[in-house]
Amino acid sequence: MNFQPNYSAQTAQYPNPTKTFGVKLYSPLEDHSYQIDTEEKNGLQPKKREELNYSIKMYRDDNIEHYEGLIKSNYLTNSPFIYVIPEKEEEKTFIFHTNLSTQTFLEKNISAQFPPISFDEEYLEFEHLFRPTNLIYIPKKAEYNLRKYVSKKLLSSIHHKEEVAIELCLQFLSNLAPTFYYEDRNWRALSSTILHQQSQLTKKTEWIYLKIIELLLIGTTKGAFIDNPLPHREGFYSKRYKLADSYLKAGCIPYLIKSQEILDNRSKLFKYEFSRALKNPIGRDIIRVTPLITFPTRNQIDTEALRLVNNCYIKKGKRLKFLGKHSKSEYDLTKTVFVEDHIKIFEYLTNKGPMIPHIGDEKSGGRVYDSLNMMPSWIRSLILIDGKPIKENDFSALHPNLTQTIFEGDEKFITHQKVADELNVNVNEVKIEHLSFFNKTEYNMRKSPLFNYYKEKNPILLNKILVDKEKNGYRNTSKLLFKKEVELMTLIIERLNQRNILVLYVFDALICKEEDYIITKEIMNNTALELGIYTEVK
């Protein structure tokens, strides 16, 4: 399926036959494409954008919606569409095909006489590509123990239907499924808001999830299902939960939910997440590239794994090995990862389809999480887009260079190799340290070998970072970095999509078809410079 940019991101019924919307018109970006929007996306205020007033009128005629407006600009455009988002959330988002490419707009009337594709139509087009709403992953024996050993009285406190109560408990436990696959992440923060939404099956304001937690803590004569949760920390993370060791060690299995009440609620939440993703430029790109993706077969993965292991493949300081019949206790797990574990992660992330892109919260800077950017990179490299090989475009030392932009440093085009040469250490040590250096407390930053580099080369910048940590908390630095990173990648993806180039988003890197590598690299580099970020694709 080829990407066509004439779609809408959401839909609504109009109660009146005629409406006029106030919107904002931004002057074109460097590529001379128009965007009309009612708000700066993600708080972004790109350079070379001039805000102008614009209005658009809607009316109906024989069930066909007509839209008219007046663009007040004398810039050129090579974009075949205009992007309009009304002021009110409940209204539609439109993209109009103007067929006015490369023409000068000067007090020119634009009219579109076709109904845009609605959100429901887009949902039906793409929803089947993603993991079905009835599929969850649960700890082995959890279902059996809930049915056999938990009292009906406890279950009835959750829901008057025993089956619904059991599946609400299993749904809660499924939130901890990722902890089976990442041994260093046994505890997982779970938002109380999301837990409430998952368990709220009626319009009554009942905090059912609290009763579910109570039941799982009581457990059975064989023990609790979960450990006592760790308290939340305001501004940092929600309450953290962990499966009891007996369930964590047992592994997990797929489970199909059968209760209609839960399925209806999950479908509603699924649509909400889908809608959020469609409104987000990165999420929309992920959704629209999904039908073009071919995942590798198990044979292809096994063949690549054998090649990498034989070549002593190391990523982020950890060497890839086969576990085979050995015990993990025989290895230094701080320096080793296993093929078998990575394959399990891949299968979990892609079984019955990938997950809907999830838009992160403020703490993550709005990063978007999906099956593709969470899978092991060596397996992801085997993916095909539109049946063609892919290539990764990765910025060099993006976060160190972002700190220069955010905190007004004067060093440009920092590289890991440059820092390694200055410190006379191995470049891999610098790469690993840079992954977490700016997210550390001041105390731990001072213990890092990177501290001396920034103290000598960027003392003013380093002091600004330390002052910000003292004032806003030590994690604020990474929040600012993530936010700036998302701003950059959003603008890049928008520009690539305007050229009908769809990419795989991997936070600070983009993966495209090999044939699109040069133009993708050029747009990434140019956009970074435009935002005052001095780095480039490796």
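The structure contained in this document is the topic of the report that follows. (Residues numbered from 1 in each chain as written. Predicted model: local features only at pLDDT ≥ 70, side-chain atom pairs only at ≥ 80, totals over all residues. Heavy atoms only, no water.)

**Focus on helix 2 (residues 142–149)**
Line of reasoning, step 1. The set of residues buried in helix 2 consists of Ala142, Asn145 and Leu146. Considered in projection along helix 2, the buried side chains sweep an arc of 100° and stay on one side of the axis. (Buried < 20%, exposed > 50% of the residue type's maximum accessible area, 1.4 Å probe, protein only. Helix = DSSP H or I, 4+ residues; strand = E, 2+ residues; numbered from the N terminus. Arc of directions from axis to C-beta.)

**Here we look at the side chain of asparagine 525**
Line of reasoning, step 1. Examined against the element boundaries, asparagine 525 turns out to sit in helix 21 (residues 517–530).
Line of reasoning, step 2. The exposure class assigned to asparagine 525 is buried, which follows from its relative accessible area of 15%.
Line of reasoning, step 3. At 2.8 Å, the side chain of asparagine 525 forms a polar contact with the backbone nitrogen of valine 537.
Line of reasoning, step 4. If we ignore the near neighbours within four places in the chain, the residues touching asparagine 525 are Phe395, Thr535, Glu536 and Val537. (Polar contact = N/O pair within 3.5 Å; in protein donor to acceptor, adjacent residues only side chain to side chain. Contact = heavy atoms within 4.5 Å.)

**A closer look at the sheet that holds strand 19 (residues 390–394)**
Line of reasoning, step 1. The strand order 19-21-20 describes an open sheet built from three strands, whose pairing is antiparallel. With partners counted over all chains shown, the strands left at the sheet margins are strand 19 and strand 20 (504–506), one partner each. Adjacent strand axes in the sheet meet at a mean angle of 25° when their direction is disregarded.
Line of reasoning, step 2. By the bridge criterion, five bridges tie strand 19 to strand 21 (residues 509–513) in an arrangement that is antiparallel. Along strand 21, the bridge assignment pairs isoleucine 390 with lysine 513.
Line of reasoning, step 3. Relative to strand 19, helix 21 is tilted by about 15°, and along the sheet it contacts strand 19 and strand 21. (Pairing = 2+ DSSP bridges. Axes fitted to C-alpha atoms, helices over the stretch in contact; angles between N-to-C directions.)

**Some points on the side chain of arginine 266**
Line of reasoning, step 1. As for its position among the elements, arginine 266 is in helix 8 (residues 260–279).
Line of reasoning, step 2. At 3.0 Å, the side chain of arginine 266 and the side chain of glutamine 171 are in polar contact.
Line of reasoning, step 3. With residues near it in sequence (within four places) discarded, arginine 266 still touches Thr133, Leu135, Ile136, Gln171 and Ile257.

**Side note on the nonpolar core**
Line of reasoning, step 1. Core analysis: the largest hydrophobic core is formed by 68 residues, its most contacted members being Phe172, Leu216, Phe225, Ile226 and Leu504.
Line of reasoning, step 2. Looking at this core, the element that brings in the most residues is helix 4 (residues 162–174), giving eight residues.
Line of reasoning, step 3. When neighbours within four sequence positions are excluded, leucine 216 is seen to be in contact with Cys169, Phe172, Leu173, Ala224, Phe225 and Ile226. (Core = buried A, V, L, I, M, F, W, Y, C linked by side-chain atoms within 4.5 Å.)

**A look at the sheet that holds strand 13 (residues 314–315)**
Line of reasoning, step 1. Taken in spatial order, the three strands line up as 13-14-15 in an open sheet, and their pairing is mixed. Looking at the sheet topology across the chains shown, the edges are occupied by strand 13 and strand 15 (336–338).
Line of reasoning, step 2. Two elements, strand 13 and strand 14 (residues 318–321), share two bridges in a ladder whose sense is antiparallel. Each bridged residue has a counterpart across the sheet, and for isoleucine 314 the counterpart in strand 14 is arginine 319.

**A short note on the pairing of strand 21**
Line of reasoning, step 1. Across the five residues that make up strand 21, a large majority, five, are buried.
Line of reasoning, step 2. Two elements, strand 20 and strand 21, share three bridges in a ladder whose sense is antiparallel. Of the residues in strand 21, the one forming a bridge with tyrosine 505 is leucine 510.
Line of reasoning, step 3. If you look at the hairpin formed by strand 20 and strand 21, you'll find two residues sitting between the two strands, and phenylalanine 507 has a positive phi there, around 65°.

**Digging into helix 10 (residues 298–310)**
Line of reasoning, step 1. Under the 1.5 Å per step criterion, the end-to-end length of helix 10 is 18 Å for 13 residues, consistent within 8% with the ideal 18 Å.
Line of reasoning, step 2. Of all the residues in helix 10, the buried ones are Ile301, Glu304, Ala305, Leu308 and Val309. For helix 10, the angular spread of the buried residues around the axis is 130°, confining them to a single face. In helix 10, the exposed positions that point more than 90 degrees away from the buried face belong to Asn299, Thr303 and Asn310.
Line of reasoning, step 3. Where helix 10 is buried, its residues touch strand 14, helix 11 (339–350) and helix 13 (377–380).
Line of reasoning, step 4. Following helix 10 by one or two positions, cysteine 312 has its phi on the positive side, about 55°. (Expected span 1.5 Å × (residues − 1).)

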